[in-house]
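Next come the chains, spelled out residue by residue.
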Amino acid sequence: MSESLEQRIGDTDPRLRRRTEALVFAVLAFGIWPLLAVGVVGGYGFIVWIFQIVFGLPGPPAH
């Protein structure tokens, strides 16, 4: 009833398969992975910021 994407692409012209793979690579390399990296780094920075608000700055205790 429903074919997988790999089966549909595999049955077609090799040029179409190569173009589809290049498009998927471009979306991953220039879209999803950069957004995911920014999200992870931003999330880590947010966690550190909240931790410092709650527990204070790192370093020796004040006098």
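It should be emphasised that the depicted structure is a prediction, and the values quoted were computed from it without experimental measurement. (Residues numbered from 1 in each chain as written. Predicted model: local features only at pLDDT ≥ 70, side-chain atom pairs only at ≥ 80, totals over all residues. Heavy atoms only, no water.)

1. Considering the packing of aromatic side chains
In total, this model carries 2 aromatic pairs according to the counting rule given. Ring centres 5.8 Å apart and planes at 55 degrees place the aromatic pair Phe46 and Trp49 in the tilted group. Taken as a pair, Phe46 and Trp49 lie in helix H2 (residues 14–55) at a separation of 3 residues, close to a single helical turn. The exposure class of Phe46 is partly exposed, given its relative accessible area of 48%. (Phe/Tyr/Trp six-rings, centres within 6.5 Å; stacked < 30°, edge-to-face > 60°. Helix = DSSP H or I, 4+ residues; strand = E, 2+ residues; numbered from the N terminus. Buried < 20%, exposed > 50% of the residue type's maximum accessible area, 1.4 Å probe, protein only.)

2. Observations concerning a nonpolar patch on the surface
A cluster of nonpolar side chains, contributed by Leu23, Val24, Val27, Leu28, Ile32, Trp33, Leu36 and Val40, occupies part of the molecular surface with about 750 Å² of accessible area. Residue placement: Val24 occurs in helix H2. (Patch = residues over 30% accessible without salt bridge, like charges linked within 9 Å, V, L, I, M, F, W, Y side chains within 5 Å. Areas by Shrake-Rupley, 256 points an atom, 1.4 Å probe, with all protein chains shown as cover. Salt bridge = Lys/Arg side-chain N within 4 Å of Asp/Glu carboxyl O.)

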